[in-house]
Each structure stands twice: as C-alpha cells, then as structure tokens.
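Summary of structural features
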Protein chains: 2
Amino acid sequence: MSTRTAYTRSLDLKNGVVEMSHGGGGRAMSQLIEQLFGDAFANDILAQGNDQAAFELPRGKVVMSTDSFVISPLFFPGGNIGNLAVHGTVNDVALSGGQPLYLTAGFILEEGFPLKDLKTIVDSMAHAAHEAGVYIVTGDTKVVERGHGDGVYINTTGIGVITDDIHISGERARPGDKILINGYVGDHGVAIMSLREGLGFEASVQSDCASLNGLIGDMVKAVPDIHVMRDPTRGGLAATLNEIARQSGVGMMLNEPDIPIRDQVRGACEILGLDPLYVANEGKLLAICPEDQAETLLHAMQAHPLGKQAAIIGSVIEDANSFVQLKTGFGGTRVVDWIAGEQLPRIC
Amino acid sequence: MSTRTAYTRSLDLKNGVVEMSHGGGGRAMSQLIEQLFGDAFANDILAQGNDQAAFELPRGKVVMSTDSFVISPLFFPGGNIGNLAVHGTVNDVALSGGQPLYLTAGFILEEGFPLKDLKTIVDSMAHAAHEAGVYIVTGDTKVVERGHGDGVYINTTGIGVITDDIHISGERARPGDKILINGYVGDHGVAIMSLREGLGFEASVQSDCASLNGLIGDMVKAVPDIHVMRDPTRGGLAATLNEIARQSGVGMMLNEPDIPIRDQVRGACEILGLDPLYVANEGKLLAICPEDQAETLLHAMQAHPLGKQAAIIGSVIEDANSFVQLKTGFGGTRVVDWIAGEQLPRIC
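For clarity, every value in this text was computed on a predicted model and none was experimentally measured. (Residues numbered from 1 in each chain as written. Chains lettered and ligands numbered in written order. Predicted model: local features only at pLDDT ≥ 70, side-chain atom pairs only at ≥ 80, totals over all residues. Heavy atoms only, no water.)

1. Considerations on the packing of helix H1 (residues 27-41) of chain A against helix H3 (residues 115-132) of chain A
Residue and element names in this part refer to chain A. Two numbers describe how H1 lies on H3: the axes approach to 8 Å, and their chain directions differ by 30°. One way to sum up the angle between H1 and H3 is to call them roughly parallel. Judged by the sense of rotation from one axis to the other, the crossing of H1 with H3 is right-handed. Contacts between H1 and H3 involve Leu32, Leu36, Phe37, Ala40 and Phe41 from the former and Leu115, Leu118, Lys119, Val122, Asp123, Met125 and Ala126 from the latter. Classifying every residue of the contact of H1 with H3 gives 10 nonpolar, no polar and two charged. (Axes fitted to C-alpha atoms, helices over the stretch in contact; angles between N-to-C directions. Helix = DSSP H or I, 4+ residues; strand = E, 2+ residues; numbered from the N terminus. Parallel < 35°, antiparallel > 145°, perpendicular 65-115°, else oblique. Left-handed = near helix turned anticlockwise from the far one by under 90°. Contact = heavy atoms within 4.5 Å. Nonpolar A, V, L, I, M, F, W, Y, C, P; charged D, E, K, R; others polar.)

And the structure:
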C-alpha cells in the first residue's frame, strides 16, 4: 500500500504502459480515468463522477445501439479504433432517423499497451465525438493480462431520440422502392486488408470511416418517409441487403454499373481475392425509399460532403425467396448471396 | 460461398465451438444471433431486428451506465460472467435511485470457445434479466482469434429512469451522515480467489452477485433523501468509500466490529493475504443518509431478502484530508487508504 501522496502523481504518457493495477479499482485506475479519459472527454455529465450518468432527454422515442470494436490493426489509413468506435455507434443510432446524443465508452486494455498509443486513441475518440456533436458521458476500464487481449478493445453504446413521425426500419422495403448509397463501396475493408497483407495500397486507399448523422439529418428532412436505412459494415453491401430483403420479405435487383467503386479498390480486391460487394464500409449507408422520392433523396445526399458520390443502385422487387440479384454490365444477372463464413476477420 | 439452404442449419450447441465466421457479418453470425441470443433474450424490442433498439421511456431523468466484464474464471460458485454482467449494470443504474429498464449486450468471443458454455452464459444472462425485470434489447457479437481473448468478454450498458425528487450522488455525503451496508463483505472476491488458487473454499463461500434494484426500490421508498449509494465492487469497501470521501470532501469513521464479515471469508482472507475491506463485492451497496433517517433505512434494508444482514458501519466526519478511518475492536484507529495497485485482477 503506497502513501497517499502517490495519488497526485502524473501518468507517464510518454513511456508508461498499461499495468494490471490500471484495472484494479484503486488509485492507479482513478489516475488513468481522470488524467486520460476525464481530460479528453470532459463534459458536465461525465463530471458527475458517479458510476452512472444522469441527464434529460428531449421528448420522443429513445434509440439505443451498442458495438464492440476489435479491429486489427488498431491504427490504419484514415483512422484508428478510437474514432471508428465513435463513428460506428453514432451511425447505428442515427440510421434510425434519430439524433444521437450520448455515448458510453468501455475499454478492455491489455497489460503492456503503451499509454502514448492509448492517448492517441482516446484523443481521436474525443475529436470524433466533438465533430459528431455527441458527448461521452460515462465509461469503464478493464485490464487483462498480456496475451489475453490485443492492445485495446472498445465498446461504445449510444443513445438518441427520434421524433414520432419517423418510422425507418428493416422490414419496410416495398417492391418498387429504390436503393441508394452515399458513395464509394469497399474503402474501409481494402484499407485494412492491404495494410494487413502489406500490399502497399495504404497510400491510395483510406478508410471511409465517418459519422453520418449530419448527412442523415439532411436526408430525413428531405424525405421523411425513407423506408429503410442501414450501414453496410461487416459483410458489406451483400450482407446488409440480404438482411433487409429477408426482414422485409422482398427481393432486390442491383445494377452493377451504378455501384460506385474506386478503381484502386477494384484493383486491390482482385489482388486480394475479394468481392467489393462483400467488403466492409464504415462511412456508408444504404437507404431505401419510395420510387417517386428517390431523386429528391439523391439530391439531398449529393449536396452533403459525405454524399457527393451518392447513387441509385437498384430497386426492390417482389421475390418469395428474398434473393438479392445483380444485373451485370454485360446484361446477365447473378445472385448476390450471403457469405456463409467470414471474408474479413476483425474489420471493425 | 455456400448454398442458400445452409441458412436454416442449426447451430451445434453440443459439440460446436465459436468460429471466426461467427463474427463475420454473414450467415454464420446471423445463425448465432438468432438461435442463441435471439432465442434466450426474446422480447418485442429485440425482435425489431435493426442495428438499434427504439422504445418509449417513462418521463423522468435518464440514467445510463456501462461495464465490461472480463472475470476469470468465467464460471464460479454463485454465478458466471453472464449473470454477473446483468447484475453489475442493473446495480449501477439502480444505485442512482432510478429504475433500470433496458440493457444492451456486446460479446467479444474467442475462437474455439465451446458453444455449449456460451449457451449456459447466455441463458444465465436471460434468467438474471428476467428476475431483475429488465430487457436485453440490442446487442453485438465480435470474434477474435485464439489467444486474443479469454473465452468471453461481455459489455452491458443499461438505461433507466429516475423521478425528479431523487438526488443520490457521490458528492452529497455530509458530516454526521450514517454509512450503511446491506450485508456480508468480501464474498465475491474470496469465492473467485479461492477458486483461482485452488484453495477449496468453493463449497463454503459463494459469490454474492445479485441484482439489487428491488432492495434499492424499497430503500428509496423508505428514505427518499438517501445522499449517496454506490456498490463496493473492485477495490472493495476501501476504494468505494475513499472515492466518495474525496468526491464529497469529507472524512469517514468506520467501526470495525459493525462491518459484517463471514468467518469463512475472514479465514480465507488470512490465508490469501487479503484485507476483506479491499475485496470485491457484487451484491452489496453502501448507502449514506442523514443520521435521523438511518434507523428507518436500516429497517427497510433488513426487511428485504438481500438486506437481512444490513448494518450501520460508520459515520461521515469533517476531514480536510478526506481520510477514511477505521476504529478497531481494540479501540485504536487506522487509516483505510486506497490501494495503489490491484489487489485482485480480473475480479469482474
């Protein structure tokens, strides 16, 4: 047991590493929380300093979403696990058509992880939260022994509010509806995989990870009757559209030439043996809306910086089998099935 | 890519193990979620099947709390990581004086973990949630490679509502206030440590892990002006009271003979070299209230099954140094300092 003066000692953010004591509930943990997390995330609610955050919410339906992030590597072109953890949960809340307001942050740290790197990650979270207009209001820190983690895992859980006139949900896709996306497909997955495989695409392909709540706000304002919105993360466009098709009991027909894919991503996918339709995105959303409002929605998307390359990529059709199909550039069609297994492990 | 019929294949809950594909966003993940989580947690909000849950909340201030659980071993006398993850977050929400309503569940699974054991854990979560009257409304599943996890890590984040007349917070302890606890100290930590060290106390000491929201409801009804409530988990009574003393700018004087400790726990602590005041609890709460309401609160606690051994264990005093002190059975006093490091790693 140390002397009481130890309390005021500063964390060594230059050469220090995570120690088991940082998760022990004592003074070292309190130091880490105050000097690293408290400092970066500072806000009035977090400052309550209790094991829970208390706050008022505007009236409306409450939306809640959770995501654990285990991406490897932790740092990648275009972001790191910290801002990814904010973007991902902000997006999952916002895709309901609601306004994300507050996040929690739960860290599982591996013994020996450099505090310097943890600070970079935490600062990125704070920056991403600030940009998205959300507050990190409570958190938790656990430490596991060397070899029982992978540096840092982060859980974020978000809460927001939707007004009563919005009813966006996966079972609302109807035959005739149009399917839109806000830009290039596959950037995140290719950025990570090329880094992992040492393929040297890092310079050209960056993760698209971004908080989409601003874009979504504009979209919902332009077309309040959007039927479905979802982000094509793990499993990419293919998994997400198959999920929605199944949930709504409909089919989908995509038009391959209309799907925006960067040349570098197409090239990297060929080398890596990946299909861009199955590759994860972290700053993309799929929206499905009535045909007669599709152009209005498209223009609202294209007017936002995160929707400049937005496109209408297909239509919802009747199909008792809930198949997602693709009309290729050569006029044929093929089924875009779910992947049975994993294509890209630990992509988020 | 497998054939579409694979979709309906059942999980092998007898001999199957977690595979990387269970986190890949494709069909295997969907199977795991539907057949294991969806089945155990079934409720109308979870059944929305979106990446976020939407629900109405009763009026009042919203409370939110998050906790990641990394306890080792996963199964222990009196519980497992699953019900612990529910109890812990239910308690953190309830300790605000509010009513916990909804939980999220985020799983980080290690490749190779038996699905049979995962099912036991998930069923325990479902049972604990049912008993506490809360619903698990949305979740997330990630899989990490063998050697990068430790079977299962679980994050739960909880949300609840407090009525406007309740103001329980760590900075409200005032000199003269009484300090109460709802029962025996140290059971959880000793149950885990004796199991880990193979000391054979397992038969006699069980973890106290329990959801305290029922007890807390009765306490708040009896004494709406409780000043502070907090659960002495990691770091035990010592860490929690030091935190509160510091937050409120007060000292505390505990009376050692009044602190309920089981003989077996005292004995195990001697063998393990632990001080019971620093040992984690998972079904205990500390309450601080005005002196003139302490007896009323005590009786309310003792009337509840989880408060039968409740006791008044000390008083809040003036102290510019915010020391927590202990009057021993022999009439002396000693300072109960924070531990600087960890006493018991991965205890929750």
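2. A short note on the pattern of salt bridges
Scanning the model with the defined rule gives 28 salt bridges over all chains in all. Among the salt bridges present, the one from arginine 246 of chain B reaches glutamate 34 of chain A, with a minimum N-O distance of 3.1 Å. Of this pair, arginine 246 of chain B sits in helix H6 (residues 236-248) while glutamate 34 of chain A sits in helix H1, which puts the two residues in different chains. Using a relative accessible area of 35% as the deciding quantity, one classes arginine 246 of chain B as partly exposed. Close ionic contact of aspartate 123 of chain B with lysine 119 of chain B constitutes a salt bridge, the shortest N to O distance being 3.0 Å. Of this pair, aspartate 123 of chain B and lysine 119 of chain B are both found in helix H3 (residues 115-132), four residues apart, which corresponds to roughly one turn of the helix. A residue is classified by how much of its surface remains accessible, and aspartate 123 of chain B, at 32% relative accessible area, is partly exposed. Where salt bridges share partners, they join Asp67 and Arg234 of chain A together with Asp140 and Lys142 of chain B into one cluster. (Salt bridge = Lys/Arg side-chain N within 4 Å of Asp/Glu carboxyl O. Buried < 20%, exposed > 50% of the residue type's maximum accessible area, 1.4 Å probe, protein only.)

3. As for the relation of the copies chain A and chain B
Placing chain A over chain B gives an RMSD of 0.0 Å and needs a rotation angle of 180°, together with 0.0 Å of translation along the axis. With respect to symmetry, the two chain copies, as superposed, fit the operation of a two-fold axis. Of the interface residues in chain A, 100% have counterparts in chain B that sit at the interface too, so the contact is made through matching surfaces. (Least-squares fit on C-alpha atoms with pLDDT ≥ 70 in both.)

4. Considering the sheet that holds strand S7 (residues 152-162) of chain A
Taken in spatial order, the five strands make up an open sheet running S6(A)-S5(A)-S7(A)-S2(A)-S1(B), and their pairing is mixed. This sheet does not close on itself; its edge strands, each paired only once, are strand S6 (135-144) of chain A together with strand S1 (53-55) of chain B. Taking each pair of neighbouring strands and ignoring which way they run, the sheet shows an average axis angle of 15°. Bridge count between strand S5 (residues 99-110) of chain A and S6 of chain A: nine bridges; the pairing is parallel. (Pairing = 2+ DSSP bridges.)

5. Examining the interface of chain A and chain B
At the junction of the two partners, chain A supplies 85 residues and chain B supplies 85 residues. Buried surface at the junction of chain A and chain B, summed over both partners, amounts to about 7,000 Å²; 52% is from carbon and sulfur atoms. If you look at where chain A meets chain B, you find 10 salt bridges. Salt-bridge contacts for aspartate 67 of chain A lead to lysine 142 of chain B; the nearest nitrogen and oxygen are separated by 3.0 Å. Our count for the chain A to chain B interface comes out at 44 residue pairs in polar contact (both at pLDDT 80 or more). Broken down by secondary-structure element, the contributors of at least two residues to the side of chain A that touches chain B are H1, strand S1 (53-55), strand S2 (61-69), S5, S6, S7 and helix H6 (236-248) of chain A. If one sorts the elements of the side of chain A that touches chain B by residue count, S2 of chain A sits on top with eight residues. (Buried area = accessible area lost by both parts, 1.4 Å probe. Polar contact = N/O pair within 3.5 Å; in protein donor to acceptor, adjacent residues only side chain to side chain.)

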